[in-house]
Amino acid sequence: MAVCCWACSGKRSHHSDRVELLFLGHQSIHHNSSAYEPILASYLFPKGINITYTEDPGDLNEDNLSKYDGLIIYANHDSITPAQEKALTGFVKGGKAFIPIHCASFCFQNSPEYIRMVGGQFKSHDTGTFAMTIVKPDHPVMQGFRPFETWDETYVHDKLNPENIVLTERVEGAHHEPYTWVRNYGKGRVFYTAYGHDERTWQNPGFLQLLERGIFWALSDEAREKAARVHLPRTEHVKAPIPNYEKRDPPPQLQKPLPWDSSRQLMQVPVDFEIKLFAAEPDIINPIAMAWDEKGRLWVIETTDYPNNKLDDKSPGDDRIKICEDTDGDGRADKFTVFADKLNIPTSLTFANGGVVVSQAPDFLFFKDTNGDDRADVCDTIFHGWGTFDTHAGPSNLRYGLDNHLWGTVGYSGFDGTVDGQHLKFSQGVYRFTPDGRQLDFLAGTSNNTWGLGFSETFDVLLSTANNTHSAYYSVPDHYFKNHRRFGQGVTKIDGHYEMQPITPNLRQVDVHGGFTAAAGHNLYTARSFPQEYWNRIAFVCEPTGRLIHRAVLEPKGSGFAEHNGGNLLASADDWVAPVQASVGPDGAVWFLDWYNFIVQHNPTPEGFETGKGNAYINPWRDHSHGRIYRIVYKFATPPARMELSASDPEGLLKGLENDNMFWRMTAQRLLVSSGNKSSRVLNGLYRLVNNTDTDAIGLNSPAVHALWTLKGLGVLDSQHPEALDAAVKALRHPAAGVRKAAVQVLPRTGAMLEQIEKSGILQDPDLHTRLAAFLALADMPASPGVGEAVYKSVLQPVNAGDPWLPDALLAAAITQREGFIRAFKAGAASRSPADSLAENIRERLGPEAGDSIAAAVHADMTIQLKVVQHDMKYDRKTLYVKAGKKIALVFENPDFMQHNLLILQPGSLEKVGAAADELARDPKGAEKNYVPDIPEVLAATPLVNPGGSFVLVFTAPEKPGDYPFACTFPGHWRVMNGILKVEP
C-alpha cells in the first residue's frame, strides 16, 4: 500500500471574502421560510452577501455563530434553550448584526431577553393592503427610500422596548403601529420589520430594498467593507431561442458562458469550505458520471452525443471514458488517458472483476485493460434490453454495493430483455445484479425518472427521482409481494420540504417550479474529513436546473428515515452551472461534475421547437464544448494519506477496510472478494475486524460491517468455516447496531441460524433498521412452524405495527411462512385485542385478494375510458360526456413514465384547485394526500396512479348540467393536463 500526502489545508480561520449571514427558518408552509429565503439570497448575492439557510435552532451555538457576520430569523420556534440564548445574545452583543423579520417577533417566547433584544413581541394581527409611513426619513436606513404598499398581516406588538428607534409605522385611523425599527444591543445592531407574511411582500421590490438597507446598517464596518470589495464577473446576455416554460415577460435570454475561474466566483459554499478546480475544458467535455479506481484515479464519462445523437445502427459514437490523474500533487489533473472511446451515450460506470462495467443502453458493457496501458482491450456485453426511447430515462448510478452486487437505477425507458434465460421487464426503479451479469433483480419501482442512488455506512439505500421526490428510502423488495397487497411501497418518498434554495432568480423549469424537478444523486458523506454533523447523515442531491447541490439531512425515523432541509453544499448564480453528480472522493472531499450547459431540460418539447432523437427537444444552444470537475474541501481537514490498493497486497486490503473513508473500505472489500483469497491470513484478519467491539463518535464500527460482507462475498459463511460462522453469530450482539444488522443479513438461511437469531434477541432489537433486516431474514428462511410463530409474535408488538416500514417486512415474512403464521394466528385468537389489527391485516392479505373497484364498475350506469398520453403530459381525451345524476365508472389508465391522478371539479374552479394543488406540492405530506386538495371544489378524485397502473373511479355525475373541469394535480401538471367533463341533461 503506497502512501504520500494530499495537498495541505490552510490555517484555521473563519475568514470569508464575502459577508456571511445565517438565516434561521423553520419547517412550515405557514411563513414559508424555505420558499422566501431564496428570494432574499438571490437579491443579496450580487451585493457581496452569502446566506446560509438552516431550520435547526441547534445551530445557535457559539462555535457556529462565530462563522457569521449576522443572523436573520424568520421562523416560529416556540422556545430556546439557555445555551442557545446565551450564544445568540453574546453573538449580537459582541458586534454582529441581528435581523429578525416578521414572525421572528413571536419566536422563542420563553426568553424575555430575546424579546427585549428584538425590541418587541407580536400580539395580534388582521390582514390587509396598506402603505408604509416613514417616520425617520433622515435615518441612514431610510434616506431617499421610496415607501411601498403591500398586502400583509397587520401586526400589533406589545412589550415594546423604549430604546427602539422607529423608522416606519402602519397607520390605521388614529392608531400608529411601529412597523420597522432599529436599536443597538451591546456592540451589535438590530434591524426589525414586521413586514413579510407571504410572497406578496417577499416579491415586492420595495421590501427587498428595505431589507438590504437594514442589513447593511446592522453589519459591522468590517463586514460592510468586505461587501464593498466584492467585484463579481460580469455576465452577458443575448436574445436567443430559449424555452419560456414559465411564460415570463420579458422572456429569458441566453447568458454567454464564463471561464471556469469567473464561474467559480459566482458559486457559494458553506463557511469554512472552498472550491478547487480539478479539471475543465478542453480536457473535459460534458462529464456525466465519475468513479475512482483502486489507485485513487478519477474515471469520467464524457458524452457529447447526449441527448439527441442516439445511434440505432451501432455505428461509432463520439463519447469516451477518460482517466484523469494529478501526477504532481497540486490538486489539478495533468494527465488524461482515453480508456475507451467511440461510445454512444454511456451514462454510468463502476468497477468490478478487474475491469469496469458501463451502462450504455441498450447494453451493459464490461471493459478491461489486460496489458497495463490504461486502454480497454476487452469489451463484452453483460446483458441487453435497456430502453433507448428516451436518453434521459435510461440506466444510471451504477454502484458496487456492500452485498457484493452491482446496483443501479433506471427511468421510464426501463428494461425488457433476457438474463441467463429468464425474461425480465420493468420500468423505473432500483435494481441490482451480480458482477458477472448472470442474475438481475428488480427491487422496487419509483414514481419517476430515477437519477440518484446512495448507500449509508450501514447499507441503508437512499434514492432521488425527478419531479418532486429528491429524497426517498428503499426498504423492502417488491418480489415478496407478487400476489399480495403490501402495506406501503418499496421506495418511499421521505423528503421533508418542497423548495430548493437557489441564489439566482433565473431558473427555467418545466414543472415543480422552485422545487426539485431534476434531482440527481443521493450520495451520503461517508468519510471523516468534514465536520461530524456530516458523517453518515448528510446526502448530496444535485439539482442542475437550480444550479445547486442540496444538503439532505437524514434523521432516523423508525426503521427508515426522514429528510430535513439542510440548505446547500453549493449554489451558483451562473446560468450555465449544472451539477449532475456529487460524490465523496478518495481524499474525503466532495467532488462534483459540472455539466456546464445553459440548456438542461430534456422534454417536453416547448412551443416552437422540435422533438429529436432520444425524446429530447432540439436546441442549438445545447453545449458540447464545456465541462468542469471541482472538489469542495473543508479548510480545516487533516490532509489524509494518499493511498493505492492492489489485489496482490492482501495486508494492504485488510488495512484498507479500516480506513475512515468508505470509498477505500468499499474498494478494499471489492478487491478482496474478487480475488477469492481465502487464506488463513485474510480470514483471520477479517475475524479480527468483526470481533472488534469498538464504536466511533457516532456509534458505528464500519470496518466490522465491511468485514462481514467480505466474508459473505468470499463464500466462507458455511459449515466448512465454523470460525467465520461463529464470528458472524457473535456479531448479532455487537454494540454497533450497523454491525448487528450486517450480521443478520449475511448469515445463512438455515434452521441452525434461525435458532441463533432468536436467541440473540435481534427480533426485538432497539434499532428498528436492524429489526427490519431481521424480519427480512425470516422471510428468506425455509418455511417452518417455528419461523411462522416468530413472525406472529413480532406482529403483536406495538412498535412494529406503528412503524411505516416494518409491517411490510413482517408481511413478507408471513407470506413465506404462511402455514406457520396462520397456525399461530388461530392459536392466538382468544388472546388478541383490538390493538392487534396488524395481525388481522396480515392474515387478510394472506388469503384471496379482495375485489377492487372493477366490481363497482359492473353496476354503474355508464363506463367511460380515459388514458394518459405516454410521454406527453396529456389525457387522451379533452372532453368526456356523461348524463346528469348517473352512476359513472371512469376507468383511468396510466401508461406514462410518471405518476398521475384525476380530479373532477366544480365548474370554473380549475384555477382555485390548481393553486391549492401547488401549495399541497410544498407540503411534506402532499404525496400521502395524493396531491388532492381537501376543498369542496373537488367532487371526485383518484389516488396517484403509478406508471403502468390503472384505477376505476366510481362517482355519481352532478345533477346540474354544465362543464366540469377535470385535471391532474401532480405538481405542475394541472395547467396543461386538463379537460372538460360535460354533464348533459
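The name that an unreviewed UniProt entry assigns to the protein is Dehydrogenase, with the source organism given as Compostibacter hankyongensis.

Draft legend 1. Just the side chain of N536, in detail. Here N536 is to be found in the loop between β34 (520–524) and β35 (538–543). Sequence-distant contacts of N536, that is, excluding residues within four places in its chain, are made with S456, E457, L524, Y525, T526, I698 and L700.

Draft legend 2. Focus on the packing of helix α19 (residues 806–816) against helix α21 (residues 837–846). Interaxial distance between α19 and α21 falls to 10 Å at its minimum, and their mutual angle equals 45 degrees. Compared by their axis directions, α19 and α21 come out oblique. As α19 packs across α21, the resulting crossing turns out to be right-handed. Seen from α19, the contacting residues are P807, L810, L811, A814 and I815; seen from α21, they are L838, I842, R845 and L846. Among the residues forming the contact of α19 with α21, the class breakdown is 8 nonpolar, no polar and 1 charged.

Draft legend 3. Inspection of the sheet that holds strand β11 (residues 188–193) at higher detail. With mixed pairing, 8 strands are arranged side by side in an open sheet as β3-β2-β4-β5-β11-β10-β9-β7. Each of the sheet's edge strands pairs with one partner strand only, and the pair in question is β3 (49–54) and β7 (133–134). Sheet strands touched by helix α3 (residues 82–93): β4 (70–73), β5 (97–100), β10 (175–185) and β11. Its angle to β11, the strand with the most contacts, is close to 110 degrees.

Draft legend 4. View of the sheet that holds strand β24 (residues 395–400). If you walk across this open sheet you meet the 4 strands as β24-β25-β28-β29, and the pairing is antiparallel. Either end of the sheet is taken by a strand with one partner, and the two such strands are β24 and β29 (440–445). Strand-to-strand, the axes of this sheet are offset by a mean angle of 20 degrees, without reference to chain direction. With 5 bridges joining them, strand β28 (residues 429–433) and β29 adopt antiparallel strand pairing. By the bridge assignment for β29, F433 is matched with L440.

Draft legend 5. Geometry of the pairing of strand β27 (residues 422–426). Pairing between strand β26 (residues 415–419) and β27: 5 bridges, direction antiparallel. Residue pairing in the sheet places D416 in a bridge with K425 of β27. Linkage of β26 to β27, two consecutive antiparallel strands, is achieved through a turn of 2 residues, within which D420 is found at a positive phi near 50 degrees.

Draft legend 6. Looking closely at the nonpolar core. By size, the foremost hydrophobic cluster in this structure holds 258 residues, and its most contacted members are I73, Y114, W386, L440 and F540. Ranked by the residues each element gives to this core, the list is headed by helix α16 (residues 768–779), at 9 residues. If near-sequence neighbours (up to four positions away) are discounted, F540 is found in contact with G521, H522, N523, L524, Y525, F530, Y534, I549, H550, L569, A582 and V590.

Draft legend 7. Expanded view of the UniProt feature "domain: DUF7133" (unreviewed entry) in the protein. Here, the residues flagged by UniProt with the feature "domain: DUF7133" (unreviewed entry) are residues 262–635. Helix makes up 1% of residues 262–635 and strand makes up 44%, while its end C-alpha atoms are separated by 21 Å.

Draft legend 8. Expanded view of the packing of aromatic side chains. Enumeration over the complete set of coordinates arrives at 64 aromatic pairs. Measuring from centroid to centroid gives 5.6 Å for Y36 and W202, while their planes differ by 20 degrees, and the two rings are stacked. Taken together, the residues span a long stretch of sequence, with Y36 in helix α1 (residues 33–44) and W202 in helix α5 (residues 199–202) at a distance of 166 residues. What makes W202 buried here is its relative accessible area of 0%. Centre to centre, the rings of Y306 and W595 are 5.8 Å apart; their planes meet at 85 degrees, and the pair counts as edge-to-face. Pair noted here: Y306 is in the loop between β17 (298–302) and β18 (319–325) and W595 is in the loop between β39 (590–594) and β40 (628–634), with a separation of 289 residues, a long-range link. Taking the relative accessible area as the measure of exposure, Y306 reaches 14% and is therefore buried. One aromatic cluster is present, built from ring pairs that chain together F364, F383, W386, F415, F426, Y431, F433 and F442. Above the ring of Y617, the side-chain terminus of R622 is found at 4.7 Å from the ring centroid.

Draft legend 9. Spotlight on the pattern of salt bridges. Here the structure, examined in full by the defined rule, presents 45 salt bridges. In this structure, E236 and K256 form a salt bridge, with 3.3 Å as the shortest nitrogen-oxygen distance. Of this pair, E236 sits in the loop between α7 (221–229) and β12 (237–238) while K256 sits in the loop between β13 (254–255) and α8 (260–265); the two residues are 20 residues apart in sequence, bridging distant segments of the chain. Taking relative accessible area as the criterion, E236 reaches 35% and is therefore assigned partly exposed. Judged by relative accessible area, which is 37%, K256 ranks as partly exposed.

Draft legend 10. Looking closely at α7. Buried residues of α7: A223, K226 and A227, and no others. With its buried residues spanning 95 degrees around the axis, α7 presents them on a single face. Facing away from the buried side of α7, by more than 90 degrees, are the exposed residues E222, A228 and R229. Residues of α7 that are buried sit in contact with β2 (19–24) and α6 (205–218).

Draft legend 11. Just the pairing of strand β45 (residues 887–894), in detail. For β45, the buried fraction is high: 6 of the 8 residues fall into the buried class. Looking at chain direction, strand β42 (residues 862–869) and β45 are connected through 6 bridges and run parallel. Each bridged residue has a counterpart across the sheet, and for L866 the counterpart in β45 is F892. Of the pairings in the sheet, the one linking β45 to strand β48 (residues 949–956) comprises 8 bridges and is antiparallel in character. Looking across to β48, one finds that N894 is bridged to G949.

Draft legend 12. Structural detail: the packing of α16 against α19. Put simply, α16 and α19 touch, their axes get as near as 7 Å, and they point 15 degrees apart. When the interaxial angle is binned, α16 and α19 end up roughly parallel. You can see that α16 and α19 cross each other, and the crossing is left-handed. Contact with α16, carried on its side by L768, R771, L772, F775, L776, L778 and A779, involves L806, A809, L810, A812, A813 and T816 of α19 and no other residues of that element. Residue composition of the contact of α16 with α19, grouped by class: 11 nonpolar, 1 polar and 1 charged.

Rules used throughout
- Numbering of residues starts from 1 in every chain and runs along the sequence as written.
- Restriction of local features to residues with pLDDT of at least 70 applies here, the model being predicted, together with a cutoff of 80 or more for giving and counting side-chain atom pairs; totals for whole chains, interfaces and linings are based on all residues.
- Each side-chain value is worked out from all heavy atoms of the structure, with water and hydrogens disregarded.
- Helix and strand assignments follow DSSP, with helices taken as H or I runs no shorter than four residues and strands as E runs no shorter than two, numbered in order from the N terminus.
- A contact between two residues is defined here by any heavy atoms of the two lying within 4.5 Å.
- Simply put, an axis is a line fit to the C-alpha atoms, just over the touching stretch for a helix, and the angle between two N-to-C directions goes from 0 to 180 degrees.
- Roughly parallel covers angles under 35 degrees, roughly antiparallel covers those over 145, roughly perpendicular covers 65 to 115, and oblique covers all other angles.
- Note: crossing handedness is left-handed where the near helix turns anticlockwise from the far helix by less than a right angle, and right-handed where it turns clockwise.
- Throughout, the ten residues Ala, Val, Leu, Ile, Met, Phe, Trp, Tyr, Cys and Pro are labelled nonpolar, Asp, Glu, Lys and Arg are labelled charged, and all others, Gly among them, are labelled polar.
- Two strands qualify as a pair provided DSSP detects at least 2 bridges between them.
- To qualify as a nonpolar core, a set must consist of buried Ala, Val, Leu, Ile, Met, Phe, Trp, Tyr and Cys residues joined through side-chain atoms within 4.5 Å.
- Think of it in three bands: residues with accessible area under 20% of the maximum for their type are buried, residues over 50% are exposed, and the middle band is partly exposed, with areas taken using a 1.4 Å probe on protein chains only.
- UniProt positions are given in the numbering used here, feature names are shortened, and annotations may be inferred rather than shown by experiment.
- Note on ring pairs: Phe, Tyr and Trp rings are taken, using the six-membered ring of Trp, and paired if centres are within 6.5 Å. Classes follow the plane angle, with under 30 degrees stacked, over 60 edge-to-face and the rest tilted.
- Here, over-ring charges are defined by two tests on the NZ atom of lysine or the CZ atom of arginine: distance to the ring centre within 6 Å, and angle to the ring normal within 35 degrees.
- Salt bridges, as used here, are contacts in which a Lys or Arg side-chain nitrogen is within 4 Å of a carboxyl oxygen on Asp or Glu.
- The arc in question is the one traced by the directions running from the helix axis out to the C-beta atoms.

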